Amino acid sequence: AQSVAQPEDQVNVAEGNPLTVKCTYSVSGNPYLFWYVQYPNRGLQFLLKYITGDNLVKGSYGFEAEFNKSQTSFHLKKPSALVSDSALYFCAVRDLNNNDMRFGAGTRLTVKP
Amino acid sequence: ETGVTQTPRHLVMGMTNKKSLKCEQHLGHNAMYWYKQSAKKPLELMFVYNFKEQTENNSVPSRFSPECPNSSHLFLHLHTLQPEDSALYLCASSQPGQGAYEQYFGPGTRLTVT
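A quick note: this is a predicted structure, and the numbers were derived from the prediction, not measured.

Q: Quick rundown of the overall build of chain B? Include the residues and the values.
A: Assigned secondary structure in chain B consists of zero helices and eleven strands. The C-alpha radius of gyration of chain B comes to 13 Å, within 12% of the 13 Å expected for a compact globule of 114 residues. Considering only C-alpha atoms, chain B reaches an extent of 40 × 25 × 25 Å along its principal axes. Of the accessible surface of chain B, which amounts to about 5300 Å², a share of 50% is contributed by carbon and sulfur atoms. Averaging the locations of the 10 positively and 9 negatively charged side chains of chain B gives two centres separated by 8 Å.

Q: Run through the packing of aromatic side chains, naming residues and quoting values.
A: Tallying each qualifying case throughout the model produces 13 aromatic pairs over all chains. Judged by centre distance (5.5 Å) and plane angle (85°), the rings of F103 of chain A and Y35 of chain B are edge-to-face. Residue F103 of chain A is located in strand β11 (residues 101–103), and its partner Y35 of chain B is located in strand β4 (residues 31–37); the two belong to separate chains. Taking relative accessible area as the criterion, Y35 of chain B reaches 0% and is therefore assigned buried. A centroid spacing of 5.9 Å and a plane angle of 35° characterise the contact between F64 of chain B and Y89 of chain B, whose relative ring orientation is tilted. A residue pair is termed long-range when its members are at least 10 positions apart, and F64 of chain B in strand β7 (residues 64–70) and Y89 of chain B in strand β9 (residues 87–94) qualify at 25 residues. For the pair F64 of chain B and Y89 of chain B, one class covers both residues: buried.

Q: Please set out the interface of chain B and chain A residue by residue, giving values where relevant.
A: Taken together, the contact between chain B and chain A spans 25 residues of the former and 24 residues of the latter. The partner of K49 of chain A in a salt bridge is E102 of chain B, with the nearest N and O atoms 2.7 Å apart. Counting across the interface, chain B meets chain A through four residue pairs in polar contact (both at pLDDT 80 or more). Here the side of chain B that touches chain A gets three residues from one element, more than from any other, and that element is strand β5 (residues 44–50) of chain B. For the side of chain B that touches chain A, a count of residues per class yields eleven nonpolar, eight polar and six charged.

Q: An account of the state of the cysteines is requested, with residue identities and associated values reported.
A: Residue and element names in this part refer to chain B. Within the structure shown, the criterion is met by two disulfides over all chains. Shown here is the disulfide that connects C23 with C91, its sulfur atoms set 1.9 Å apart. Between C23 and C91, the S-S torsion sits near -70°, and that sign places the bridge as left-handed. A residue pair is termed long-range when its members are at least 10 positions apart, and C23 in strand β3 (residues 18–25) and C91 in strand β9 qualify at 68 residues.

Cut-offs and rules
Note on numbering: residues in each chain are counted from 1, in written sequence order. Chain letters and ligand numbers both follow the written order, the letters beginning at A and the numbers at 1. Since the coordinates come from a predicted model, pLDDT governs what is reported: local features require at least 70, and pairs of side-chain atoms require 80 or more to be given and counted, while whole-chain, interface and lining totals use all residues. Only hydrogens and water are removed before side-chain values are computed, so all heavy atoms of the structure are retained for them. Secondary structure counts use DSSP, requiring at least four H or I residues in a row for a helix and at least two E residues in a row for a strand, with both numbered from the N terminus. Put simply, the radius of gyration uses C-alpha atoms, and a globule should come to 2.2 Å times the residue count raised to 0.38. Each accessible area is a Shrake-Rupley estimate made with a 1.4 Å probe; only the visible protein chains count as cover when residues are assessed. The charged-residue count follows a simple rule in which Lys and Arg add positive charge and Asp and Glu add negative charge, with His and chain termini not counted at all. A single reference atom marks each charge: NZ on Lys, CZ on Arg, CG on Asp, CD on Glu. When two rings of Phe, Tyr or Trp (its six-membered ring) have centres within 6.5 Å they constitute a pair, described as stacked for plane angles under 30 degrees, edge-to-face for angles over 60, and tilted for the intermediate range. Three labels apply to residues, based on accessible area from a 1.4 Å probe with only protein chains included: buried if under 20% of the type maximum, exposed if over 50%, partly exposed otherwise in between. Residue contacts follow a heavy-atom distance rule, with two residues in contact if any of their heavy atoms lie within 4.5 Å. In what follows, salt bridge is the name for a side-chain nitrogen of Lys or Arg lying within 4 Å of a carboxyl oxygen of Asp or Glu. A 3.5 Å cut-off defines polar contacts: any pair of N or O atoms within that distance qualifies, except that in protein one atom must be a possible hydrogen donor and the other a possible acceptor, and neighbouring residues in sequence count only when both atoms are side-chain atoms. Residues are sorted three ways: Asp, Glu, Lys and Arg are charged, Ala, Val, Leu, Ile, Met, Phe, Trp, Tyr, Cys and Pro are nonpolar, and all the rest, Gly among them, are polar. Here, two cysteine sulfur atoms that lie within 2.5 Å of each other are counted as a disulfide.

And the structure:
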């Protein structure tokens, strides 16, 4: 079965600096990869996804993610962090061969002014 | 808003109570999901429905009973819960099948079992 690992529970960044939230995955075949964000007292919101093609995927709110097949990674990035980006971020993977989406444990991003 | 609503937003229940969580989606999707979110743990997929048919039950205890009367509504019936069942319960919907379909989540029901 597919799985996802988010190695960092917490990431702290100063406002205006670039941010990276890490994700590695494991699937038996080709993956669909997703990033979601969760603000306090809200459900998860879809940010972006990788299906195939260009390894750099652009999503909502200026976020992007880079798919690296050799490293089985799909790190989330943003060139310049905002305080309002502070939230819980989840990486998810879906195997092409089944209907399940598996989520990581989440990374709490804190952007300080 | 994502087009997925959940009620109630907060629920406190005793171990002998029976209660139900409700989810409604206004997106025209035909797949619906229940997840359990506990602190610092991956989201746990509980149940999946495709076109009102349950297609997955991830070894969920029988004290959780789902119901999907139509493609827009999903319920989670709760009875004789344990304190460790306290968590945020999230409902989601998507297009069905094996495509790269993202899921749309409701705000969740924060459940506390006393």
